[in-house]
Amino acid sequence: MSGLLDKVVVVTGAGRGTGRSHCERFADEGADVIAVDIASAATDLGVTAAEVEKRGRRCVTGLADVCDFEAVSAAVAAGVADLNRLDVVVANAGIHTAGAPTWELTEDAWRRTLDVNLTGVWHTVNAGVPHIGEDGGSVVIISSTNGLRGTANTAHYTASKHAVVGLARTLANELGPRRIRVNTVHPGAVGTAMVLNEATYRRLRPDLPNPTAEDAAEVLKARNLLPVPWVEPVDVANAVVFLASDEARYITGTQLVVDAGLTQKTT
Amino acid sequence: MTGRLAGKVALITGAARGIGRSQALRFAQEGADVIALDLCGPVETVSVPASTPEDLDETARLVRAAGGRIVTSIVDVRDEDQLRSATDDGVTRFGGLDIVCATAGITSRGLATELSEAAWQTMLDVNLAGVWRTCKVTVPHLIARGSGSVILVSSIAGLRGLLGVAHYTAAKHGVVGLMRSLANELAPHGIRVNSVHPTNVDTPLIQNAAVASAFRPDLDREPTREEFAEAARSMNMLDIPWVEPIDVANACLFLASDEARYITAATLPVDAGATQR
């Protein structure tokens, strides 16, 4: 897609899953990447960098927790110093911790999720946007279908993912005059470790003693309009790349679902 | 990225000019064969200058110049038999159907309480029922294929109310309801259905005395393009008066392509932020 050649993009949560896929797809389109993730993901981040370099583009990695503004700001600044510009910010880092009924969520669980999924996005935007030049740019925030509707036992996650929509809508108003577009992407279940893990299988199939991915897939598939249990990371990345490209030059302040119809399924 | 629609066949209504022409050309550039339909004539109650057979010919010329294949047909979306026959002919010619863009639409103006019965009915017949009929005659071909992408061109008026166009707003909201039901019905067949919601687009539908004057009630004469632009700009979040047809076509291309293979029942604005301002 047009307009990403020689641009520079920063991606948080870049070590694995959809974050790595964003980096690969942006590199496919000719962009250089500043890939940020937490220290414990250093090895994964190395794999991401190798994937970007395999595509003939440069990758600067930075270890930073999005909860720590100084750290994420320094990581972005170091990347910009190396790659000389910044055009696109992809606030992708997020967590999905064990659920519970709202009134039983612990203060810790609530605070941790809001810290990473909401305050971390705000930090990332603050760290990135000042570097975007006068030609303008694009901010893409990864929300969730839980940013558009609620599900039981996910109040902390759902609140955080709704909140980034509010953040994006305000930012779009504030940054429009600087020709910086701000949009959110709302994936349903994505085939990454965040979904493909034993705890999730057990949550989805309480009826089985030892549920497998296939058992979980049956439940997830029934929630979607299209006959697939989850989307792949590349499907989310394709939507992000579209929003960041010149093909979407006049799209701002919107919420783009990549959810196989999950949010519109009539049961 | 090129060849994003290689081997696909796309049917587009309202293809003589504006957004429809841009879709035809953009899709052809990405490898699709195009079935281009348009009324090429006036609609009662509509003051906007009508599209012409020459406009549709020009769309065909542009597509062929880009190396694409196209068949054209003069069709009224209010006439199901005409629509079906043109669709079936095109599908026979290209051997199937993969993408449908229901783009044909009209505008007229009037306060809700003052609209004539004729203006109301004509609006619904073209902008809502016409979209439904387009789906009705094309969907069996997509089902036969076992896949496909249907894109309904709504408007920012499909997401929020606009002053002086209650009938248009009702029709464009109706298109969203149609899209959401259709997405549920067609998902088992692997067919995706989405709507796009442009703000003002620089086409004959807005570049006319009636629309320009509505934006500049302060002037007692027909506004210039610049005077219209000044007022239109205030609607959008980005500092532009209107988007170009190509911007809508690019969004439709994304939704039509395999890059959006798991996007269905979505409402995608191409609105420079207008609905969030």
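Residues numbered from 1 in each chain as written. Chains lettered and ligands numbered in written order. Predicted model: local features only at pLDDT ≥ 70, side-chain atom pairs only at ≥ 80, totals over all residues. Heavy atoms only, no water.

**Describing helix α4 (residues 117-145) of chain B**
The end-to-end C-alpha separation of α4 of chain B is 41 Å, in line with the 42 Å expected for 29 residues at 1.5 Å each. The axis of α4 of chain B is deflected most strongly, by about 40°, at A129 of chain B. (Helix = DSSP H or I, 4+ residues; strand = E, 2+ residues; numbered from the N terminus. Expected span 1.5 Å × (residues − 1). Bend = angle between axes of the 7 residues up to and from the residue.)

**Describing the pattern of salt bridges**
Scanning the entire structure with this criterion turns up 31 salt bridges over all chains. Between R249 of chain A and D247 of chain B there is a salt bridge, and its shortest N-O distance comes to 2.6 Å. Linking R249 of chain A in the loop between α8 (233-244) and β7 (255-258) with D247 of chain B in helix α8 (residues 245-256), this pair reaches from one chain into another. The closest approach of N and O atoms between D239 of chain B and R233 of chain B, which form a salt bridge, is 3.3 Å. Given a relative accessible area of 52%, D239 of chain B falls into the exposed group. (Salt bridge = Lys/Arg side-chain N within 4 Å of Asp/Glu carboxyl O. Buried < 20%, exposed > 50% of the residue type's maximum accessible area, 1.4 Å probe, protein only.)

**Quick word on the nonpolar core**
By size, the foremost hydrophobic cluster in this structure holds 118 residues, and its most contacted members are F26 of chain A together with F27 and L152 of chain B. By residue number, the principal contributor to this core is helix α5 (residues 166-186) of chain B, which donates nine residues. Beyond its immediate stretch of four places on either side in the chain, F27 of chain B contacts L5, A10, I12, A32, I99, C101, A249, C252, L253 and A256 of chain B. Judged by nonpolar contacts, the second largest core, of 34 residues, contains V60, V125, L175 and V182 of chain A. (Core = buried A, V, L, I, M, F, W, Y, C linked by side-chain atoms within 4.5 Å. Contact = heavy atoms within 4.5 Å.)

**Focus: the packing of α4 of chain B against α5 of chain B**
All names here are of chain B. Closest axis-to-axis distance for the α4/α5 pair is 9 Å, and the angle between their directions is 20°. One finds that α4 runs roughly parallel with respect to α5. Here α4 and α5 pass one another in a crossing that is right-handed. Every residue of α5 that contacts α4 at A119, W120, M123, L124, N127, L128, V131, W132, C135, V139 and I143 is listed here: A166, H167, Y168, A170, A171, K172, G174, V175, L178, L182 and L186. Residues of the contact of α4 with α5, tallied by class, amount to 18 nonpolar, three polar and one charged. (Axes fitted to C-alpha atoms, helices over the stretch in contact; angles between N-to-C directions. Parallel < 35°, antiparallel > 145°, perpendicular 65-115°, else oblique. Left-handed = near helix turned anticlockwise from the far one by under 90°. Nonpolar A, V, L, I, M, F, W, Y, C, P; charged D, E, K, R; others polar.)

**Side note on the interface of chain B and chain A**
Each partner contributes to the interface: chain B provides 37 residues, whereas chain A provides 38 residues. Between chain B and chain A the total buried area reaches about 3000 Å² when both faces are included, carbon and sulfur atoms providing 61% of it. Sorting the residues of chain B by area buried against chain A places L238, Y262 and Q276 of chain B first, and these three jointly supply 22% of that buried surface. At the junction of chain B with chain A, the criterion picks out four salt bridges. For the pair chain B and chain A, the interface holds eleven residue pairs in polar contact (both at pLDDT 80 or more). Among the secondary structure elements, those contributing two or more residues to the side of chain B that touches chain A are α5, β6 (191-198), α8 and β7 (267-270) of chain B. (Buried area = accessible area lost by both parts, 1.4 Å probe. Polar contact = N/O pair within 3.5 Å; in protein donor to acceptor, adjacent residues only side chain to side chain.)

**Description of the sheet that holds strand β5 (residues 148-153) of chain B**
All names here are of chain B. An order of β3-β2-β1-β4-β5-β6-β7 is seen for the seven strands of this open sheet, with the pairing classed as parallel. Each having just a single partner strand, β3 (70-74) and β7 make up the two edges of the open sheet. Ignoring strand direction, the axes of neighbouring strands in this sheet form an average angle of 15°. The pairing of strand β4 (residues 99-102) with β5 spans four bridges and is parallel. The residue bridging A102 from the neighbouring strand is L152, located in β5. Where helix α2 (residues 53-65) meets the sheet, it contacts β2 (33-38) and β3, and its direction lies at approximately 170° from that of β3. (Pairing = 2+ DSSP bridges.)

**Details of the confidence of the model for chain B**
Considering every residue of chain B, the mean pLDDT works out to 95; 100% of them sit at 70 or more. Scored by ipTM, the complex comes to 0.83, with pTM at 0.91. (pLDDT = per-residue confidence, 0-100.)

**Structural notes on the packing of helix α1 (residues 17-28) of chain A against helix α2 (residues 42-54) of chain A**
All names here are of chain A. At a minimum axis separation of 9 Å, α1 and α2 run at an interaxial angle of 15°. By the criterion of interaxial angle, the relationship of α1 to α2 is roughly parallel. Crossing angle aside, the handedness with which α1 passes α2 is right-handed. Of α2, the residues touching α1 (which contributes R20, C23, E24 and A27) are D44, V47, T48, E51 and V52. Among the residues making up the contact of α1 with α2, the classes are represented as four nonpolar, one polar and four charged.

**With respect to unusual backbone geometry**
All names here are of chain A. Positive phi, normally seen in glycine, also occurs at D6, with a value near 65°. Summarising the element assignment, D6 is placed in the segment before β1 (8-12). Under the relative-accessibility criterion, D6 is labelled partly exposed at 45%. If you check the backbone angles, N84 has positive phi at about 75° while not being a glycine. Mapped onto the fold, N84 is located in the loop between α3 (69-83) and β4 (88-91). Looking at N84, the relative accessible area reads 64%, which means it is exposed.

**Notes on the packing of aromatic side chains**
Applying the stated criterion across every chain, the model contains three aromatic pairs over all chains. Measuring from centroid to centroid gives 4.3 Å for F242 of chain A and F254 of chain B, while their planes differ by 0°, and the two rings are stacked. Residue F242 of chain A is found in helix α8, and its partner F254 of chain B is found in helix α8; the two belong to separate chains. The exposure class assigned to F254 of chain B is buried, which follows from its relative accessible area of 0%. On the basis of an interplanar angle of 55° and a centroid distance of 5.1 Å, the ring pair of F228 of chain B and W242 of chain B is categorised as tilted. One end of the pair, F228 of chain B, is in helix α7 (residues 225-233); the other, W242 of chain B, is in the loop between α7 and α8, with 14 residues separating them in the sequence. Each member of the pair, F228 of chain B as well as W242 of chain B, carries the same accessibility label: buried. Put simply, the rings of F215, F228 and W242 of chain B pair up and form one aromatic cluster. (Phe/Tyr/Trp six-rings, centres within 6.5 Å; stacked < 30°, edge-to-face > 60°.)

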